[in-house]
Amino acid sequence: MWKQILEVVGMDQARDEQALFDVLCSRQGFLFLFLSSSSLALEAAAFILTVNASFVEDLDDSFKENRKDDVWLVDFYAPWCGHCKKLEPVWNEVGKEMKSIGSPVKVGKMDATSYSGIASEFGVRGYPTIKLLKGDLAYNYRGSRTKDDIIEFANRVAGPIIRPLPSQQMFEHVQKRHRVLFVYVGGESPLKEKYIEVASELIVYTYFFSASEDVLPEHVTLPEMPAVLVFKDGTYFVYDGIPQK
């Protein structure tokens, strides 16, 4: 089948299944499906469905024990749920892109009605429920159910809780990308421990960073260190751990 398809769409060769999948999903590929013989078109369509599904792993009751060494992005769904059915093609696209960018996050889906005990242990209360599972932590996704938003969430939460800013250039880059920016400045301290604790919970909403004092913009002054800074709308606020009266 490969050779015949590639001749029709004008490609010399395909390196792997992903290359063929991309061909079939292209404009030429769709044209090929309509113009080729019905049997070949059916084979190609089946191939697309098979490859697309392979990006998302169907999970069963062995998942609870087998997941511990990996980071998982999981869609807990119910077969009868309309919202779940609407999410399915988006979820397949999420799985495809996460694999194509080489993300360490594995993408799966679980029928929460068939494995209700496991779903309940992960705190699933409705469908669909999207969670990123990282070690002993389970993070709920509550954003828009679009491919880009889900992938951004997965990449943020799967990465380091606190991301270092090693230079002024990196600080400026990050500040341009984020309307609100949290930065810890200083060494080890009870404040840093609290900062990490808060970041571990709130990373589902935003990023948290750390930096040395010389990385900060020149207009920033710190009354004392360590400190937590919040940059927003061109200005900044300092939280030093002292309760405000």
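What counts and how
- Residues numbered from 1 in each chain as written.
- Predicted model: local features only at pLDDT ≥ 70, side-chain atom pairs only at ≥ 80, totals over all residues.
- Heavy atoms only, no water.
- Core = buried A, V, L, I, M, F, W, Y, C linked by side-chain atoms within 4.5 Å.
- Buried < 20%, exposed > 50% of the residue type's maximum accessible area, 1.4 Å probe, protein only.
- Phe/Tyr/Trp six-rings, centres within 6.5 Å; stacked < 30°, edge-to-face > 60°.
- Helix = DSSP H or I, 4+ residues; strand = E, 2+ residues; numbered from the N terminus.
- Pairing = 2+ DSSP bridges.
- Expected span 1.5 Å × (residues − 1).
- Bend = angle between axes of the 7 residues up to and from the residue.
- Salt bridge = Lys/Arg side-chain N within 4 Å of Asp/Glu carboxyl O.

The protein chain goes by Protein disulfide-isomerase tmx3 in an unreviewed UniProt entry, where it is assigned to Sphaerodactylus townsendi.

Caption draft 1: Representation of the nonpolar core in the model. Core analysis: the largest hydrophobic core is formed by 28 residues, its most contacted members being L73, W91, L132, Y139, I150 and F153. In this structure, F171, F209, V220 and Y236 belong to the second largest nonpolar core, which totals 17 residues.

Caption draft 2: Region of interest: the packing of aromatic side chains. Tallied over the entire structure, the rule returns 11 aromatic pairs. Between the aromatic rings of F231 and Y236, the centroid separation amounts to 5.9 Å while the plane-to-plane angle is 35°, which identifies the pairing as tilted. For the pair shown, F231 and Y236 are each scored as buried.

Caption draft 3: Quick look at the pairing of strand β4 (residues 129-134). For β4, the buried fraction is high: six of the six residues fall into the buried class. Every second residue of β4 is oriented toward a common face, with T129, K131 and L133 on one face and I130, L132 and K134 on the other, all of them buried. The pairing of strand β2 (residues 71-77) with β4 spans six bridges and is classified as antiparallel. For L73, the partnering residue across the bridge sits in β4 and is L132. Count of turn residues in the β4/strand β5 (residues 137-140) antiparallel hairpin: two residues, of which G135 carries a positive phi of about 65°.

Caption draft 4: Focus on helix α6 (residues 82-100). Along its 19 residues, α6 runs 28 Å from first to last C-alpha, staying within 8% of the 27 Å computed at 1.5 Å per residue. Where α6 bends most, at E88, the angle is about 40°, and the proline P89 comes one to four residues later. Three or more residues of α6 are buried, namely C84, L87, W91, N92, V94, G95, K96 and M98. G102 lies just past α6 and shows a positive phi near 75°.

Caption draft 5: Fine view of the pattern of salt bridges. For the coordinates displayed, the defined rule picks out nine salt bridges. When salt bridges with common partners are traced through the structure, they connect D58, E88 and K109 into a single cluster.

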